[in-house]
Amino acid sequence: MPYQKKDLALDLVKVHDDRFSSLGGDKYFACVDMKGADGKIYDIDFLMVVQTGKLTVTETAVHKINGKALYNWKQEGGVWKKVKVS
């Protein structure tokens, strides 16, 4: 996975199956924890859209590194949106 102009070598640790969420319309979000070759734990977010009856990943983003958030999520009207870390 690319992050800050580098490719991260990652191994899957956990799928957050409780975090699969609607972003409105046909857009969805899912999250996993992965361990990097550097020993850090990366929380990776996947943004997806329904296309011809299946989910297609449209974006991946590093959400947290070792538990420290790079951005947050806020629910507005039943839809989750990215917000800056305060």
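Structure: see above.
Residues numbered from 1 in each chain as written. Predicted model: local features only at pLDDT ≥ 70, side-chain atom pairs only at ≥ 80, totals over all residues. Heavy atoms only, no water.

Section: the layout of surface pockets
Here is step 1 of the chain: Roughly 220 Å³ of volume is contained in the largest pocket.
Here is step 2 of the chain: His16, Arg19, Ser21, Phe29, Cys31, Asp43, His63, Lys64, Asn72, Trp73 and Trp80 are the residues that line the largest pocket.
Here is step 3 of the chain: Of all the secondary structure elements, the ones that give two or more residues to the lining of the largest pocket are strand 5 (27–36), strand 7 (54–65) and strand 9 (72–76). (1 Å grid on protein atoms, 1.4 Å probe; cavity = no way out; pocket = protein on both sides within 12 Å on 5 of 7 lines; lining within 4 Å. Points joined across faces, edges and corners; volume = space filled by probe spheres on them. Helix = DSSP H or I, 4+ residues; strand = E, 2+ residues; numbered from the N terminus.)

Considering unusual backbone geometry
Here is step 1 of the chain: Positive phi, close to 50 degrees, is recorded for glutamine 4, a residue that is not glycine.
Here is step 2 of the chain: Tracing the chain through its elements places glutamine 4 in the loop between strand 1 (2–3) and strand 2 (6–7).
Here is step 3 of the chain: The exposed category is assigned to glutamine 4, whose relative accessible area is 62%.
Here is step 4 of the chain: One non-glycine residue, asparagine 66, lies in the positive phi region at around 50 degrees.
Here is step 5 of the chain: Using a relative accessible area of 51% as the deciding quantity, one classes asparagine 66 as exposed. (Buried < 20%, exposed > 50% of the residue type's maximum accessible area, 1.4 Å probe, protein only.)

Observations concerning the pattern of salt bridges
Here is step 1 of the chain: A complete count under the given rule lists two salt bridges for this structure.
Here is step 2 of the chain: Between glutamate 59 and lysine 82 there is a salt bridge, and its shortest N-O distance comes to 3.3 Å. Residue glutamate 59 is found in strand 7, and its partner lysine 82 is found in strand 10 (residues 79–83); the two are separated by 23 residues along the sequence.
Here is step 3 of the chain: Residue classification places lysine 82 among the partly exposed positions, given a relative accessible area of 38%.
Here is step 4 of the chain: Between lysine 81 and glutamate 76 there is a salt bridge; the shortest N-O distance is 4.0 Å. (Salt bridge = Lys/Arg side-chain N within 4 Å of Asp/Glu carboxyl O.)

A few points about the packing of aromatic side chains
Two aromatic rings are characterised by how far apart their centres lie and by the angle between their planes.
Here is step 1 of the chain: Inspection of every chain in the model, using the stated rule, returns three aromatic pairs.
Here is step 2 of the chain: Here phenylalanine 20 and tyrosine 28 contribute two aromatic rings whose centre-to-centre distance is 5.4 Å and whose plane-to-plane angle is 5 degrees, an arrangement assigned as stacked.
Here is step 3 of the chain: Considering the side-chain rings of phenylalanine 29 and tryptophan 73, the 4.7 Å spacing of their centres and the 55 degrees angle between planes classify their relative orientation as tilted. Remark: tryptophan 73 occurs in strand 9 and phenylalanine 29 occurs in strand 5; sequence separation between them is 44 residues. When sorted by exposure, phenylalanine 29 lands in the same class as tryptophan 73, which is buried. (Phe/Tyr/Trp six-rings, centres within 6.5 Å; stacked < 30°, edge-to-face > 60°.)

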